Each structure stands twice: as structure tokens, then as C-alpha cells.
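Here is what each chain is made of, one letter per residue.
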Amino acid sequence: MTDPNERPSRFIVHMSDTHLVAAGDLLYGKVDCDANVAAALAQLEAAQFRPDAILLTGDLADTGLAEAYLRLRPQIEAAAERLGSRVIWVMGNHDKRDQFRSLLLDQEPSDEPVDEVHWIGGLRIIVLDSTVPGYHHGEITDAQLAWLRSELATPAAEGTILALHHPPMPDPVYVNVGIELQDQHKLADVVRGSDIRSILAGHLHYSTNTTFAGIPLSVASATCYTNTVTEPEGSTLGVDGAQSINLVHVYEEQVVHTIMPVHTFPTLYETNGDLMRLFNALTVEQQVAVLAMPITERMSYVSALRAD
Ligand SMILES: [Fe+2]
Ligand SMILES: [Fe+2]
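All of these numbers come straight from a predicted model, not from anything done at the bench.

Peer 1: I'd like a description of the domain arrangement of the protein, backed by residues and values.
Peer 2: Partitioning the protein into structural domains gives domain 1 (10–261) and domain 2 (273–307). Once you take the C-alpha centre of each, domain 1 and domain 2 turn out to be 40 Å apart.

Below, the structure is given as C-alpha cells:
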């Protein structure tokens, strides 16, 4: 059983679908995609987080514009530097492989899928390119599946996280097979029983969680705009609100996926961090006893500890 005081051994910020457009343009005439990315990064910095990696699961540039990548890369990399993180880029159907390779990875332009392995200590991050140039649906080719199978043949000390743009799952909100990942059973055959502990994806522009071949699958919403989940079947409604990213905390036996809104909201209450540190230093029995007190007594009890 997990120790409630255990701290995560690895921490990944999972962003998706930034959809940057030309400088000065607004997506759908309304959304400042750069500002949304900046808002998310500002919150990470304000929280004094120290993630091991910032991982972006694709649709980074809305139409694959070079200038979009040239603005996004320094924005993300500068924040990553301040947070002590590395950056992991994943292709999406709105991205262009040649621009992606040359402008984000400093590689020769190529239309080959961008499949990579990254290591955070003993935690392996496998990046799988689910895109098909010129189309919006997803495919994993037989060659990619063979590569993935051979990579997974050697387990990683801390297990593996698989990141791809198209989530391998049915879409319960938008029945739109034209943009989904095809032949999902082939991927399931490769990953089932492997050391993959979590699959991270994007593409849907709403947050959702399920399992795939017995593995947790976490879909991060978009930073640009959100697709609502309440429209009548067949309808799609994108809204300028509720944008979010995910925080992925890796523990010895669990991976926890937490949704973090991109924007801030009016404060209802605030607990002083110093008091919380004192409170957290109490034994579990003491914490339970304090929480049973009326709230005014709680604070004075914990404050009194500070005086000791
Ligand atoms: Fe997208
Ligand atoms: Fe997409």
C-alpha cells in the first residue's frame, strides 16, 4: 500500500494542443494562444514547481507555421530552464514533421515519424508519432510498432510512460472516426503486459481518463480552447474557456494525473503555507485530532506549535 507521506520520484508537466498561429493573430479571431501558454507557465513558476520535464503532446502549431514553432520553442525552453526541466516534444496532426524536426529538434528536415526515447533517471519516456502527413486521423505503422516492441523488450528500472497525440480509445463525446487513431488493437497487442505505466495523449481538447490494454490513459485538454462535452451527438462546440494542462506525479507504485486550469480564478480562502508545513509535520493521529476541532481552534492550536 502507498505510504501517504511518500513524495513523487518523478514529476512531468503534460501540456497539449497549444495551436499557435501567426504572430499577432488570434485563433478563431478570439484566442491568444501564446498568452494561454504563458499563463500556464507563469502558474508553474508561481507554484515553485520543479518538474523533471515539460512534455507537449502535439498540435503545437495550428497550421505548422515556422514562426509558430520559432515563438513556442524559446517560450517553453526559457520556462523549462527556470524550472530546472527538460522539454519533450510530441508530434500532432496539425504539426508538420519537417518544421518540427528542424525548428524544435535541430534535426535535418524529414517526413519520417518522430519517434524517440527519453530518460529521466530510470523512467523511460517513449514518444510515438501517431500522425499521418496531410491527414488528421492517426496511424502507427507496422515499422513503428516493431520499433516499439523491440524498445519495450527491455524493461526500464522505473517503468515507462508512452506519449502520443491521438489517444487510443473510443471518443464518447464526438463520434468522429475520421480523426481517431486507427487499428488501435495493433498498438494494444504491443503494449499489453509491457512496463508502460501511463499513456499520455492530447488531440481531444477536453480532459478524460480511461485504460488501454490495461494501462492508464490520461488525455490532457488543450491550452488553446476547449471542446465542450455536452453538445448533442454530432455537434461540436469549441469554447474559449476551461483550458488546462496536467500534472503527472510518478510514485513508486502509482502515477497520479492532476488537471491544472491554465487561468486563475477569484480566491475563496487561502491556507498559510507556514501553518500547513507545521500541520504536515504532525503525526497522522495528531492531524486527525486537529481536523476534528472547530476551525478557529485548529488554527490557534497549530499556531501555538509555531511558538514552541
Ligand atoms: Fe488540437
Ligand atoms: Fe489533434
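Peer 1: Outline the sheet that holds strand 6 (residues 160–163), supporting the account with residue identities and numerical values.
Peer 2: Two modes of strand pairing occur in sheets, parallel and antiparallel, and in both the strands are linked by backbone hydrogen bonds. With mixed pairing, 6 strands are arranged side by side in an open sheet as 4-5-6-7-9-8. A strand with exactly one partner marks an edge of an open sheet, and here the two such strands are strand 4 (116–120) and strand 8 (208–212). Here the strands of the sheet are splayed against their neighbours by 20 degrees on average, with no regard to which way each runs. Of the strand pairs in this sheet, strand 4 and strand 5 (residues 123–127) are connected by 5 bridges, and their pairing is antiparallel. Looking across to strand 5, one finds that Glu 116 is bridged to Val 127.

Peer 1: Tell me about the pairing of strand 3 (residues 86–90), residues and numbers included.
Peer 2: Two strands pair when backbone bridges link them, and strand 2 (residues 53–57) and strand 3 are joined in this way by 5 bridges, in the parallel orientation. Paired with Leu 56 across the bridge in strand 3 is Trp 89. In this fold, strand 2 hands off to helix 2 (residues 66–83), which returns the chain to strand 3; that crossover is right-handed.

Peer 1: Describe the nonpolar core, with residues and values.
Peer 2: Counting 63 residues, the largest nonpolar core has Leu 55, Val 90, Ile 125, Val 127, Leu 162, Ala 163 and Leu 200 as its most contacted members. Element by element, the count of residues in this core is highest for helix 2, at 6 residues. Beyond its immediate stretch of four places on either side in the chain, Val 127 contacts Ile 88, Val 90, Val 114, Asp 115, Glu 116, His 118 and Ala 163.

Peer 1: Pulling in residues and values, what's your account of the environment of Ala 163?
Peer 2: Looking at where Ala 163 falls in the secondary structure, it is placed in strand 6. You can call Ala 163 buried: it has 27 C-beta atoms within 10 Å. Residues Ala 163 and Leu 217, spaced 54 residues apart in sequence, show a C-alpha to C-alpha distance of 9.7 Å. When near neighbours in sequence (up to four residues on either side) are disregarded, Ala 163 contacts Leu 55, Thr 57, Val 90, Ile 125, Val 127 and Leu 200.

The rules behind these values
Residues numbered from 1 in each chain as written. Chains lettered and ligands numbered in written order. Predicted model: local features only at pLDDT ≥ 70, side-chain atom pairs only at ≥ 80, totals over all residues. Domains from an automatic or database assignment. Pairing = 2+ DSSP bridges. Helix = DSSP H or I, 4+ residues; strand = E, 2+ residues; numbered from the N terminus. Axes fitted to C-alpha atoms, helices over the stretch in contact; angles between N-to-C directions. Right-handed = clockwise from strand over helix to strand, strands pointing away. Core = buried A, V, L, I, M, F, W, Y, C linked by C-beta atoms within 7 Å. Buried ≥ 20, exposed ≤ 12 C-beta atoms within 10 Å, placed from the backbone. Contact = placed C-beta atoms within 7 Å.

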